[in-house]
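Residues per chain are reported as follows:
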Amino acid sequence: MNKAARHAILALSAAVLAACGKPQPSADQPLAYAPADTPYAWANLEPQPQAMIDWSSRQMHAVMPVVIDMYDGLLKQQKALGERETKILAAVLDELRGHDTLDKLRELGYKPDARTAIYGVGLVPVLRMELGDTAAFKAMIARVETKVGEKIPTGKTGAQEYWQFGNEDVQFVIAVQGSYLVATLWPADANDTVKQLLLGVTRPGKNLLDAGTLQAIAKKYNYSPYGEGYLDFAALAQRLSNAPTGADLEIAKALKLPTDVAKDSPVCVDEAKAIVQKFPRIVAGAETYAPPQLRVAMQFETEPALAQALMAALAAAPGTGAPAEGLFDVSLATPLLKLKEFWLKQADAVAAKPFACPEFASINEMFAKSKQQLGVTIPPPFSDLTGVRVTLDKLEPRKDSKVPDAASRMLIGTNNPLAAVGMAQMAVPQLKDLKITTDGRPVALPAGLLPASAQLPPVWLAMTDKAIALSAGQGSEAMLGAYFAAPPSATPVFLRVHFSGALYGLLGKYADVMQTAMPAAQKDQFGAQTKLFALYEKMIRSGEFTFEANANGIGMRETVDLGE
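Parameters at a glance
Residues numbered from 1 in each chain as written. Predicted model: local features only at pLDDT ≥ 70, side-chain atom pairs only at ≥ 80, totals over all residues. Heavy atoms only, no water. Helix = DSSP H or I, 4+ residues; strand = E, 2+ residues; numbered from the N terminus. Expected span 1.5 Å × (residues − 1). Buried < 20%, exposed > 50% of the residue type's maximum accessible area, 1.4 Å probe, protein only. Arc of directions from axis to C-beta. Contact = heavy atoms within 4.5 Å. Salt bridge = Lys/Arg side-chain N within 4 Å of Asp/Glu carboxyl O. Pairing = 2+ DSSP bridges. Core = buried A, V, L, I, M, F, W, Y, C linked by side-chain atoms within 4.5 Å. Phe/Tyr/Trp six-rings, centres within 6.5 Å; stacked < 30°, edge-to-face > 60°. Lys NZ or Arg CZ within 6 Å of the ring centre and 35° of its normal. Disulfide = S-S within 2.5 Å. Lys, Arg positive; Asp, Glu negative; His and termini not counted. Axes fitted to C-alpha atoms, helices over the stretch in contact; angles between N-to-C directions. Parallel < 35°, antiparallel > 145°, perpendicular 65-115°, else oblique. Left-handed = near helix turned anticlockwise from the far one by under 90°. Nonpolar A, V, L, I, M, F, W, Y, C, P; charged D, E, K, R; others polar.

K.L.:
Just checking my understanding: could you explain helix α14 (residues 361-374) for this structure?
P.N.:
Since one α-helical turn is 3.6 residues long, residues separated by three or four positions face the same way. Under the 1.5 Å per step criterion, the end-to-end length of α14 is 20 Å for 14 residues, consistent within 8% with the ideal 20 Å. Within α14, the full set of buried residues consists of Asn364, Phe367 and Ser370. In an axial view of α14, the angular spread of the buried residues amounts to 135°, which keeps them on one side of the axis. Exposed side chains of α14 directed beyond 90 degrees from the buried face belong to Lys369, Gln372 and Gln373. Of the surrounding secondary structure, the elements contacted by the buried residues of α14 are α13 (336-352).

Right under this line is the structure:
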């Protein structure tokens, strides 16, 4: 491991926590091993539902053989890894080959309905996952060692054995502890106190399961019990600002980190806390986790006043109140004047009470410069913009032309569409005789607007008192009425990105076209990728990402409609 990687790991571990204590015999779940004050965590409170296990197993059966063959080919061609690493990866791929369903993976010790948790002992990451058969997992490791021709280095702390990988600086460690697989890392010269804290041999005095932090997040945001987590910036800042004590101190010494914290001025401490409180936490969780739909949400929490200001500045994007359409559909709110007003208010607040801490002087300067830059008037038509929506309905390759058979639509929300069209007519001479009104009826654009060599489909223009719309493609003008009518969402969904699973099929078609021009050595590898596109098209009917301003800050949601 190079010095840069080592420093990154040590920086990640810059503050440590985890108070020692007696184990809680009644709570043998992964979260019972996580310190209650860990600044980050992710876990499933309950095993995933059987319907999800069955669906995943069917997809694995189709996808895994293709993926293993593809990686096997890449492994044989690569020259970056050494002989030992290549042998290990080849042996692991060989173990996975033929275990192409979740039930078959049980033969390697995997448990499809396992509880899993990722958390920090301090900031040192720990993965703890239930195994279905610890003997089978150990047997798999033994077979890998036989195929590689050497033993994986091992170690022992107290009665706990582990496998270790790494160098003289940092070691990545895997252990089987009871019914759990545990993975973490530590410095090569870590003492037994540190090792046993990280492996969970020494349990925390207060654990995350009993603290109920994830349960509270799930309740507040209506997440399912199949996955939730958080990154607590406020807790992280608190740990970074205090010197470690107790078990924390032992880990800090092992990581060769400073055990004393420089004393900041009270002003700097208070201002740092005030900044963190504006963005205290990120939380995430699975809202729906069973066929036919997966829906995962993430929330960037902000202080209430900032959340209200963002809701006022970020309007809903065009069409987000109706289902998305086509192969690809993206909508973006563009309330430039409101966004300018929002940012100027923040700049004015900083100017009225600038940060006194010298370390935050750059923030004062940044707001001052941005205020000067935003002080200019935003001219029309940009000042009138409210949003943009673009939809790709068709994009089929043609054998007789390099130009695909395409159809698409675009809507531009504006408070003054007549002015925008008028400016376009003045700028483009071919449009000067165009007759259009705000009745929403499509008008064909002049045929000579673009050169015939472009082989573009017919283009239509329509307008209402709130938007301008364009469509390209035979018959596409008939879809503009519904395009205008699609309402914005009731909440400020300021960005939506949607794609159809058919997009994977389209990528496969273009991959086939590209494959014909490739050298023979690359065709097999690219052919495997084409197979995967075809499988993905069946697996995923559609995917969608939305971003909205809400009472808790900024929310992001990913929705995937599952296929077969």
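More follows now that the structure is in view.
K.L.:
Would you mind going over the pattern of salt bridges with me for this structure?
P.N.:
A side chain with one charge can pair with a side chain of the opposite charge if their charged atoms come near. Applying the stated criterion to the full structure yields 25 salt bridges. Among the ionic pairs, Arg295 bridges to Glu287, the shortest N-O distance being 2.7 Å. Judged by its relative accessible area of 23%, Arg295 falls in the partly exposed class. On the basis of relative accessibility, which here comes to 17%, the residue Glu287 falls in the buried class.

K.L.:
What is the right way to look at the pairing of strand β18 (residues 540-550) in this model?
P.N.:
In terms of strand pairing, strand β17 (residues 493-500) meets β18 through 7 bridges, oriented antiparallel. Among the inter-strand pairings, Val497 is bridged to a residue of β18, identified as Phe545. In sequence, β18 turns back onto strand β19 (residues 553-562) through a hairpin of 2 residues.

K.L.:
So what exactly am I meant to see when it comes to the nonpolar core here?
P.N.:
Grouped burial of nonpolar side chains is what soluble globular proteins tend to show. Among the nonpolar cores identified, the biggest contains 36 residues, and Leu31, Tyr119 and Leu214 are the most heavily contacted of them. Contributing elements (two or more residues each) for this core: β1 (40-43), β2 (116-121), β3 (124-130), β6 (170-177), β7 (180-187), α6 (192-199), α7 (208-211) and α8 (213-221). Filtering out sequence-adjacent residues up to four positions away, Tyr119 remains in contact with Pro30, Tyr33, Ala34, Pro35, Thr38, Tyr40, Ala41, Val124, Pro125, Val126 and Arg128. Leu102, Leu108, Met129 and Phe137 belong to the second-largest nonpolar core, a separate cluster that totals 19 residues.

K.L.:
Which parts of the structure should I look at to understand the packing of aromatic side chains?
P.N.:
For any pair of aromatic rings, the description rests on two quantities: the centre-to-centre distance and the angle between the ring planes. A full pass over the atoms with the stated rule returns 11 aromatic pairs. Taken together, a centroid distance of 5.7 Å and an interplanar angle of 20° make the contact between Tyr221 and Tyr223 stacked. Three or more aromatic residues link up through ring pairs in this structure, and these residues are Phe499, Tyr504 and Tyr536. Lying across the ring of Tyr33, Arg128 places its NZ or CZ 3.7 Å from the centre. The lysine or arginine in question, Arg128, covers the ring of Tyr180, its NZ or CZ lying 5.1 Å from the ring centre.

K.L.:
What is the right way to look at the state of the cysteines in this model?
P.N.:
Disulfide: a covalent bond formed between the sulfur atoms of two cysteine residues. A complete count under the given rule lists 1 disulfide for this structure. Note that Cys268 is cross-linked by a disulfide to Cys357, the S-S spacing being 2.0 Å. A torsion of 95° about the S-S bond marks the disulfide between Cys268 and Cys357 as right-handed. Of this pair, Cys268 sits in helix α11 (residues 266-278) while Cys357 sits in the loop between α13 and α14, and the two are 89 residues apart along the sequence. No difference in accessibility class separates Cys268 from Cys357, as the two residues are buried.

K.L.:
I'm lost on the side chain of Lys340 in this one. Help?
P.N.:
Relative to the helices and strands, Lys340 resides in helix α13. Look at Lys340: it is buried, it has no salt bridge, and the nearest opposite charge is Glu341 at 9.9 Å. What Lys340 contacts, discounting residues up to four positions off in sequence, is Leu374, Gly375, Val376, Thr377 and Ile378.

K.L.:
Sorry, what's going on with helix α15 (residues 417-427) here?
P.N.:
Listing the buried residues of α15 in full gives Pro417, Ala420, Val421 and Gln425. One face of α15 carries all of its buried residues, which in axial projection span an arc of 135°. Along α15, exposed side chains directed more than 90 degrees from the buried face belong to Met426 and Ala427. Elements that come into contact with the buried residues of α15 comprise β13 (401-414), β15 (459-463) and β16 (467-472).

K.L.:
Can you walk me through the environment of Glu301 in this structure?
P.N.:
Along the chain, Glu301 falls in strand β10 (residues 293-301). A C-alpha to C-alpha distance of 4.8 Å links Glu301 and Gly553, two positions 252 residues apart in sequence. If we skip the residues at most four places from it in the chain, Glu301 touches Lys220, Tyr221, Lys278, Phe279, Pro280, Arg281, Val283 and Asn552.

K.L.:
Please explain unusual backbone geometry as it appears in this structure.
P.N.:
Note: most peptide bonds trans; most residues except glycine with negative phi. Cis rather than trans, the peptide bond between Pro291 and Pro292 has omega equal to 15°. Mapped onto the fold, Pro292 is located in the loop between β9 (281-290) and β10. The omega torsion across Pro380 and Pro381 is 10°, close enough to zero to call that bond cis. Mapped onto the secondary structure, Pro381 falls in the loop between α14 and β12 (385-398). At Asn222, a position not held by glycine, the phi torsion is positive, near 60°. Looking at the element boundaries, Asn222 is found in the loop between α8 and β8 (228-232).

K.L.:
I tried to follow the pairing of β1 on my own but got confused; where do I start?
P.N.:
For a regular strand, the rule is simple: side chains alternate between the two faces of the sheet. Bridge count between β1 and β8: 4 bridges; the pairing is antiparallel. Following the sheet pairing, Ala41 is matched in β8 by Tyr230. As paired elements, β1 and β2 share 3 bridges and run antiparallel to each other. Across the sheet, Ala41 pairs through a bridge with Tyr119, a residue of β2.

K.L.:
Mind showing me how you'd approach the environment of Ala313 here?
P.N.:
Position of Ala313 relative to the elements: it lies in helix α12 (residues 304-313). A relative accessible area of 3% means that Ala313 is categorised as buried. In this structure, the C-alpha to C-alpha distance between Ala313 and Thr334, residues 21 residues apart in sequence, is 9.9 Å. Those residues in contact with Ala313 that sit more than four places away from it in its chain are Pro335, Lys338, Leu339 and Phe342.

K.L.:
Would you mind going over the environment of Arg239 with me for this structure?
P.N.:
Residue placement: Arg239 occurs in helix α9 (residues 233-241). Sequence-wise, Arg239 and Ala36 are 203 residues apart; in three dimensions their C-alpha atoms are separated by 13 Å.

K.L.:
Is there a simple way to think about the packing of α13 against α14 in this case?
P.N.:
It is the contact of α13 with α14, at a shortest axis distance of 9 Å, that shows an interaxial angle of 140°. As judged from the angle between their axes, α13 and α14 are oblique. Of the two elements, α13 crosses α14, and the hand of that crossing is left-handed. Residues Lys340, Trp343, Leu344, Gln346, Ala347, Asp348 and Val350 of α13 touch α14, and the partners they reach there are Asn364, Met366, Phe367, Ser370, Lys371 and Leu374. In terms of residue class, the contact of α13 with α14 is built from 7 nonpolar, 3 polar and 3 charged.

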